[in-house]
Structures are given as structure tokens and as C-alpha cells.
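Geometric and topological summary
Given next are the chains, with one letter for each unit.
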Amino acid sequence: MSGIERDDPLPKFRFRVEIDTMVVGGFSEVRGLSMSIAERKEDDADDRSFWQRLFGLGRSGGLDSTKKSNDDRQFATTSPTLELRRGLTEEKALWTWYEEWLNGSGEKRNIRLILLDEHGIEARGWECRGAKPVRWVGPTLVAGESGIALETFELAHEGIWQLDGL
């Protein structure tokens, strides 16, 4: 070593965002890459009340189907919506996809998030399957300020899988 010890796992990390096989980069931040497990109790009167309590009123981004354990308990995985934040660009692929959903012709797509190491080599990756855009937030525009104009695309999805082979 060079005499300086480091304990950061991936120094100078970066990431790449792909929709299906198309790179739609230029993102400064990704939020919502998380999952939790909830157990369904036998005293839950019906599926609807269970899911409402589990997810709140429309706050869930993802759902992997209910699973049964070896002792017949039922579990569900939940995830918040995925938020992709980026500076304004000329790239229109996300906006076009969002408009397709507004017009009733949108299709679900898989989102891949690839973490790159300091040399640009793929280190880890996750896939959010069956994603669809549910919200767009435009930039805050303030005259006289020189900050970057950021927009956010929020995506609901059917769950998160870790990518193998990275």
C-alpha cells in the first residue's frame, strides 16, 4: 500500500442507470433502493386491509408476491418508489416513456442500477423489474441563482433483485 489506509469499500463510486438495455445516464442521485419484509398475521380480516396497513395509502413502490415460509407464515416484500434525480438534459427517453403512460399506452420496463468502482468497472448491480413512471417533478427555477436545475422521475416497481456476475 502507499502508506494511506482506506476503509471505504468503493472509493469515488459512480453509477449507471439503464431502462431495459438503454443507458439513460446523467443522474446525480438515486433514492429508494431498499426492501423490507412484512409478515401477514392470521387475524388479518382480508387481503385488502393487510395491504393497506402494509403499504399505506399508495405509498409503496414495489411488491414482490406473497411468499409462504416452511411453517406456513405468509410474507411480502415491499419497496418505496425509486427516485431518479438528474440535471436537465436533451435526453428525452424518460419523458417520452412518462408521456406514453399519460396517454394510456405505457409499458412496464426493467430498471438496472449499476455501481461502478473508481476505474469505471461494474462492482454491484440491482434490477427493479416491472417499473412504471408514477411521478415527475420539474426543476425549481429561481432567477438569479446559478444552481443546477434538477428534475425527478419517480418509478413504482415490482421488486428489487441483485444482479449476478458483477
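Residues numbered from 1 in each chain as written. Predicted model: local features only at pLDDT ≥ 70, side-chain atom pairs only at ≥ 80, totals over all residues. Heavy atoms only, no water.

With that settled, the discussion passes to the layout of surface pockets. The calculated volume of the largest pocket comes to roughly 160 Å³. Taken together, ten residues make up the lining of the largest pocket; nearest its centre are Phe15, Val30, Leu33, Leu115 and Trp126. Contributions of two or more residues to the lining of the largest pocket are made by strand 3 (27–31) and strand 8 (109–116). (1 Å grid on protein atoms, 1.4 Å probe; cavity = no way out; pocket = protein on both sides within 12 Å on 5 of 7 lines; lining within 4 Å. Points joined across faces, edges and corners; volume = space filled by probe spheres on them. Helix = DSSP H or I, 4+ residues; strand = E, 2+ residues; numbered from the N terminus.)

All right, on to the packing of aromatic side chains then. Counted by the stated rule, this structure contains three aromatic pairs. With a centroid separation of 5.0 Å and 70° between ring planes, the pair formed by Trp95 and Trp136 is classed as edge-to-face. In this pair, Trp95 is assigned in helix 2 (residues 93–102) and Trp136 in strand 9 (residues 122–137), connecting sequence segments 41 residues apart. Aromatic ring contacts, followed pair by pair, group Trp95, Tyr98, Trp136 and Phe153 into a single cluster. One residue, Arg129, lies across the ring of Trp161, its end atom 4.0 Å from the ring centre. (Phe/Tyr/Trp six-rings, centres within 6.5 Å; stacked < 30°, edge-to-face > 60°. Lys NZ or Arg CZ within 6 Å of the ring centre and 35° of its normal.)

Looking now at the confidence of the model for the chain. Put simply, the chain has an average pLDDT of 77, and 69% of its residues get 70 or more. Taken together, the stretch residues 55–60 has pLDDT below 50 and engages in seven contacts with residues farther than four places along the chain or on a different chain. (pLDDT = per-residue confidence, 0-100. Contact = heavy atoms within 4.5 Å.)

Counting across every chain of the model gives eleven salt bridges. Notably, a salt bridge pairs Glu83 with Arg85, separated by 2.6 Å at the nearest N-O pair. Per residue, the accessibility class of Glu83 equals that of Arg85, and both read buried. One salt bridge in this structure joins Arg135 and Glu154, with 3.1 Å as the shortest N-O distance. Linking Arg135 in strand 9 with Glu154 in strand 10 (residues 150–156), this pair joins segments that are 19 residues apart in sequence. Several salt bridges converge on common partners, so that one network encompasses Arg16, Glu18, Arg112 and Glu122. (Salt bridge = Lys/Arg side-chain N within 4 Å of Asp/Glu carboxyl O. Buried < 20%, exposed > 50% of the residue type's maximum accessible area, 1.4 Å probe, protein only.)

So, on to the environment of His119. With respect to the secondary-structure elements, His119 resides in the loop between strand 8 and strand 9. Residues His119 and Arg14, 105 residues apart in the sequence, show an inter-C-alpha distance of 9.6 Å. Here the side chain of His119 touches Glu118 through a polar contact of 3.4 Å, side chain to side chain. (Polar contact = N/O pair within 3.5 Å; in protein donor to acceptor, adjacent residues only side chain to side chain.)

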